[in-house]
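Each chain, letter by letter, is given below.
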Amino acid sequence: MSKKKPVVIYGASGFSGRLVAEFLREYNVPFIAAGRNRAKLEEVMSRVPGIETADYEIAAVGESVDDLAKLFAGAKVVCNTVGPFIYNGPRVIEASLQADCHYMDIGGEQAWIREVDEKWGEKFAARRLLAAPATAFMSAVSDAAARLLLETGAIDTLETVTMFKGIPTFGSTQTIFAVIQTDAYYLEQNRYKPWPRATRYDVAIPGYIQNQLALAWGGFPHPVWFKNHPQVANVRSFGGLLDRQIMENIAATEKMFEEQIRPLPKAEQEKKLADMANSVQGATPPRENTHEQRTIDVVAGRGTMDYGQCVVFGTCAYRQTGLIQAFAAHHLLYAPPRKAGFASAAEAFGARELLRVLESHGLAKAKLYS
Ligand SMILES: NC(=O)c1ccc[n+]([C@@H]2O[C@H](COP(=O)([O-])OP(=O)(O)OC[C@H]3O[C@@H](n4cnc5c(N)ncnc54)[C@H](OP(=O)(O)O)[C@@H]3O)[C@@H](O)[C@H]2O)c1
């Protein structure tokens, strides 16, 4: 019998999962491409660039914790790309712990990040395992930028904005709609404070003359990552697409949700949000184009006397995500995470290291202004 591959991509048939596979192959990391539909996994994997030289196998798996734990047993790292994570994350993280695997995912939903912190962090830490949701473009890159900025002065207040130009996938669209129902928090004097619902924010982004429309979009992971940080007391995070019309539509949906859908029972809320997402994006978009799908992360830091900004100019949000996952999985095969339990990617693998790997692949470059 062949040896168990050390990394499992759960959701490998998706747009992001196939990019994780592509970059794992570049790192020469053997992996299992897992998901619920063998025929689709085979079809998608056969089209991953360079796949003929990858050491991988395909596994169709049931959705239960037991099924997943059985598949993960003997592996070291689970890369979960099945979202929305508020719905699909719990069974996968539970199975990862049962199988003694490090757990990473690409979900940026703050409600999910809080759940991992509060429910799973200590359990993973006790086994020296990593539980790192949002090991992805949104919001690992801005988190790494924030940590560089903190080194430059007595900064205790962070504001982050992450935006990208591109076509959200089916899974991303489902998630953008699913987070509308969740509670979103920012951090003020190290306490969670609820964001006002359905509120629009105009943000100034370097490289653009016109202001962009951003949303608090579920709150983002940063307030959770920086809760109880010795230096940081205040964190507010925003984000969106670099496309005003799409953002106007999402802002209008948030408002409509508050007026018409929030009074309904939870299951009905979820169904209505999923149906709305289906009507917007039912297909898989084409492969990203470096010249078109630009990204930007802006982190502003403020103390009483000190100020600084770190801006990460980049391209291809989904490819950044695939690379970040593969880089992190490769690291875990050779060295333990810098922090076990609940951690951001920058805490687990180093902010500089993460930004360096993106830069060396031509996907993002950080600039510090302080
Ligand atoms: N934070 C970030 O920067 C970032 C970046 C990219 C993506 N994401 C998030 O990652 C998630 C996936 O995005 P994507 O672009 O890969 O979407 P996608 O192309 O739609 O792929 C979704 C994947 O999840 C699988 N899946 C969905 N529901 C499932 C279920 N109930 N059981 C088992 N598998 C299921 C799909 O399987 P089938 O193929 O069988 O349908 C597919 O493999 C979304 O939540 C998105 O928001 C975050």
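Bear in mind the structure is a predicted one, so any value in this text is a computation, not a measurement.

Caption draft 1: Geometry of the domain arrangement of the protein chain. In terms of domain boundaries, the protein chain breaks down into domain 1 (7-136 + 319-349) and domain 2 (137-317). In this structure, domain 1 and domain 2 have C-alpha centres spaced 22 Å apart. Taken together, the contacts link 23 residues of domain 1 with 30 residues of domain 2. Those elements that place two or more of their residues in the side of domain 1 that touches domain 2 are α4 (85-98), α5 (110-126), α11 (317-334) and α12 (345-349). When residues of the side of domain 1 that touches domain 2 are assigned to their parent elements, the largest contribution, five residues, is made by α5.

Caption draft 2: Broad picture of the nonpolar core. In this structure, Val8, Ile9 and Leu354 are the most contacted members of the largest nonpolar core, which totals 127 residues. Tallying contributions element by element places helix α6 (residues 137-150) first for this core, with 10 residues. The two domains that each donate at least three residues to this core are domain 1 (7-136 + 319-349) and domain 2 (137-317). Leave out the neighbours within four places in its chain, and Leu354 touches Ala140, Ala144, Ile324, Ala345, Ala346 and Phe349.

Caption draft 3: Structural detail: the sheet that holds strand β15 (residues 341-342). Spatial strand order, β3-β2-β1-β4-β5-β6-β15: seven strands in an open sheet with parallel pairing. Unpaired on one side and paired on the other, β3 (56-60) and β15 mark the two borders of the sheet. Looking at chain direction, strand β6 (residues 130-132) and β15 are connected through two bridges and run parallel. Within β15, the position partnered with Leu130 by the bridge is Gly341. Helix α1 (residues 15-26) contacts β1 (7-10), β2 (31-35), β3 and β4 (77-80) of the sheet and is inclined by roughly 155 degrees relative to β1.

Caption draft 4: Broad picture of the pairing of strand β14 (residues 307-315). Summarising the sheet, strand β13 (residues 294-302) and β14 pair through nine bridges and their orientation is antiparallel. Of the residues in β14, the one forming a bridge with Arg302 is Tyr307. Pairing between β14 and strand β16 (residues 364-369): six bridges, direction antiparallel. When the bridges of β16 are listed, Gln309 appears paired with Tyr369.

Caption draft 5: Examining the site of the ligand more closely. Around the ligand lies a shell of 32 residues, among which Gly14, Ser16, Gly83, Thr169 and Gly171 are the nearest. Counting only elements with at least two residues in the shell around the ligand, the list comes to α1, α6, α7 (170-178) and α11. The element that contributes the greatest number of residues to the shell around the ligand is α7, accounting for four residues. Taken together, the residues of the shell around the ligand break down into 11 nonpolar, 18 polar and three charged. Residues from two domains meet in the shell around the ligand; each of domain 1 (7-136 + 319-349) and domain 2 (137-317) gives at least three.

Caption draft 6: View of the pairing of strand β7 (residues 157-164). For β7, the buried fraction is high: six of the eight residues fall into the buried class. Inspection of the sheet shows β7 paired to β13 by eight bridges, in the antiparallel sense. Bridging across to β13, Phe164 finds its partner in Thr295.

Caption draft 7: Broad picture of the packing of α4 against α5. Closest axis-to-axis distance for the α4/α5 pair is 10 Å, and the angle between their directions is 10 degrees. Considering their axes alone, α4 and α5 lie roughly parallel with respect to each other. Judged by residue contacts, Phe85, Ile86, Gly89, Ile93 and Leu97 of α4 engage Ala111, Trp112, Val116, Trp120, Lys123 and Phe124 from α5. Of the residues in the contact of α4 with α5, the class split is nine nonpolar, one polar and one charged.

Caption draft 8: Examining α7 more closely. Along α7, eight of the nine residues are buried, which leaves the element largely enclosed by surrounding structure. Buried residues of α7: Gly171, Ser172, Thr173, Gln174, Thr175, Ile176, Phe177 and Ala178, and no others. In this structure, the buried residues of α7 make contact with α4, α9 (244-261) and α10 (266-280).

Caption draft 9: Spotlight on the environment of Arg338. For Arg338, the position within the fold is in the loop between α11 and β15. In this structure the C-alpha to C-alpha distance between Arg338 and Leu215, which are 123 residues apart in sequence, comes to 32 Å. When near neighbours in sequence (up to four residues on either side) are disregarded, Arg338 contacts Glu347, Ala348, Phe349 and Gly350.

Rules and cut-offs
- Residues numbered from 1 in each chain as written.
- Predicted model: local features only at pLDDT ≥ 70, side-chain atom pairs only at ≥ 80, totals over all residues.
- Domains from an automatic or database assignment.
- Contact = placed C-beta atoms within 7 Å.
- Helix = DSSP H or I, 4+ residues; strand = E, 2+ residues; numbered from the N terminus.
- Core = buried A, V, L, I, M, F, W, Y, C linked by C-beta atoms within 7 Å.
- Buried ≥ 20, exposed ≤ 12 C-beta atoms within 10 Å, placed from the backbone.
- Pairing = 2+ DSSP bridges.
- Axes fitted to C-alpha atoms, helices over the stretch in contact; angles between N-to-C directions.
- Near = placed C-beta within 6 Å.
- Nonpolar A, V, L, I, M, F, W, Y, C, P; charged D, E, K, R; others polar.
- Parallel < 35°, antiparallel > 145°, perpendicular 65-115°, else oblique.

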